[in-house]
Amino acid sequence: MKSLTKEKMLEAFKALDEALGSTTRLIIGGGGAMILAHHFRLGTADVDGIAVGVDPAEFDSCVKKVAKKLSLPGDWLNPYYSTFTHVLPQDYGSRLLLVCEFSKLKVLALSKEDLLIMKCFAGRQKDILHAKALIKQGANLKLVEGQLEWLKERRIPGTDNAMTFLDDILDQV
């Protein structure tokens, strides 16, 4: 599968807007957010997004219609990262960035800080370069480290690994 470019993602969001029957907010993370909101030059195979304000089955149907129309994989837009949103600060919504807006669809992206927190928890090889780039672009490390400390105090699984990942990255930057 070829990487989704900024242009292809925006084309897909426009088509999704046309397919939707109701007003929907889409909160994106991962590579899609890094490309569209933070202007990173990288490729992504899919867009990690959580739809708000729409029936999940209806939304999935619209996503699949767009996939067929634009020759994209059926999961070009998927909610897989939603299983990790519990590690985000409660006020992450106040830092969301508007990516694009159509008549029914409004696409918002996670901030650099919230992306960095999620990258620390994912801890994959590809997340190393992404985390370094977010830090170099000025992610608020005080916010990130504070959230990791808060999660550690609550014994959230994976926090120790996330903190080690961040420490290793900071040693390299």
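Look up: the structure comes first, before these words.
Every chain is numbered on its own, with residues counted from 1 as its sequence reads. With pLDDT at 70 or above as the cut-off, local features in this predicted model cover only qualifying residues; side-chain atom pairs require 80 or more to be listed or tallied, and sums for whole chains, interfaces and linings still use all residues. Processing note: side-chain calculations cover all non-hydrogen atoms of the structure and skip hydrogens and water entirely.

**Student:** Break down the pattern of salt bridges for me, citing the residues and quoting the values.
**Tutor:** The working definition used for a salt bridge is a side-chain nitrogen of Lys or Arg within 4 Å of a carboxyl oxygen of Asp or Glu. A full pass over the atoms with the stated rule returns 10 salt bridges. A salt bridge links Arg 95 to Asp 91, with the nearest nitrogen and oxygen atoms 3.0 Å apart. The salt bridge involving Arg 95 is made with Asp 114; its shortest N-O contact spans 3.0 Å. Residue Arg 95 is located in the loop between β3 (77-78) and β4 (97-101), and its partner Asp 114 is located in helix α4 (residues 112-122); the two are separated by 19 residues in the primary sequence. In terms of burial, Arg 95 and Asp 114 fall into one category: buried. A single salt-bridge network, built from bridges that share partners, covers Lys 14, Glu 18 and Lys 69. Starting at the N terminus, helices and strands are each numbered in turn, a helix being any DSSP run of H or I of at least four residues and a strand any DSSP run of E of at least two. Classification of residues uses two cut-offs on accessible area relative to the type maximum, computed with a 1.4 Å probe and protein chains only: under 20% is buried, over 50% is exposed, and between them is partly exposed.

**Student:** Can you explain the pairing of strand β1 (residues 24-29)? Please cite residues and give values.
**Tutor:** Counting buried residues along β1, five of its six residues qualify, which places the element largely inside the surrounding structure. The pairing of β1 with strand β5 (residues 105-109) spans five bridges and is classified as parallel. Of the residues in β5, the one forming a bridge with Arg 25 is Lys 106. A pair of strands is considered paired only if DSSP assigns at least 2 bridges between the two. In this sheet, strand β2 (residues 47-52) lies alongside β1 in antiparallel orientation, the contact comprising five bridges. Of the residues in β2, the one forming a bridge with Arg 25 is Val 52.

**Student:** Which residues make up the pairing of β5, and what values do they have?
**Tutor:** Extensive coverage of β5 is indicated by the burial of four of its five residues. Of the pairings in the sheet, the one linking β4 to β5 comprises four bridges and is antiparallel in character. Note that in β5 the partner of Glu 101 across the bridge is Lys 106. Counting the residues that bridge the hairpin from β4 to β5 gives three residues.

**Student:** Could you give me a rundown of the side chain of Lys 132, with the residues and numbers involved?
**Tutor:** Considering the arrangement of structural elements, one finds Lys 132 in helix α5 (residues 125-136). Salt bridges are absent for the buried Lys 132, whose nearest opposite-charge side chain, Asp 168, sits at 11 Å. Distance and chemistry together define a polar contact, namely a pair of N or O atoms within 3.5 Å, with one atom able to donate a hydrogen and the other to accept it when in protein, and with adjacent residues in sequence counting only for side-chain atoms on both sides. Only 2.8 Å separates the side chain of Lys 132 from the side chain of Gln 172, close enough to count as a polar contact. Any pair of residues with heavy atoms lying within 4.5 Å of one another is described as a contacting pair. Ignoring any residue separated from it by four or fewer positions in sequence, one finds Lys 132 in contact with Ile 169, Gln 172 and Val 173. Positive charge is attributed to Lys and Arg, negative charge to Asp and Glu, and no charge count is given to His or to the chain ends.

**Student:** Please set out unusual backbone geometry residue by residue, giving values where relevant.
**Tutor:** Here His 39, not a glycine, exhibits a phi torsion of approximately 60 degrees, which is positive. Mapped onto the elements of the fold, His 39 is located in the loop between α2 (30-36) and β2. Judged by relative accessible area, His 39 falls into the exposed class, the value being 60%. Positioned with a positive phi, Arg 155 is a non-glycine residue whose angle comes to about 55 degrees. Of note, Arg 155 is situated in the loop between α6 (141-153) and α7 (159-172).

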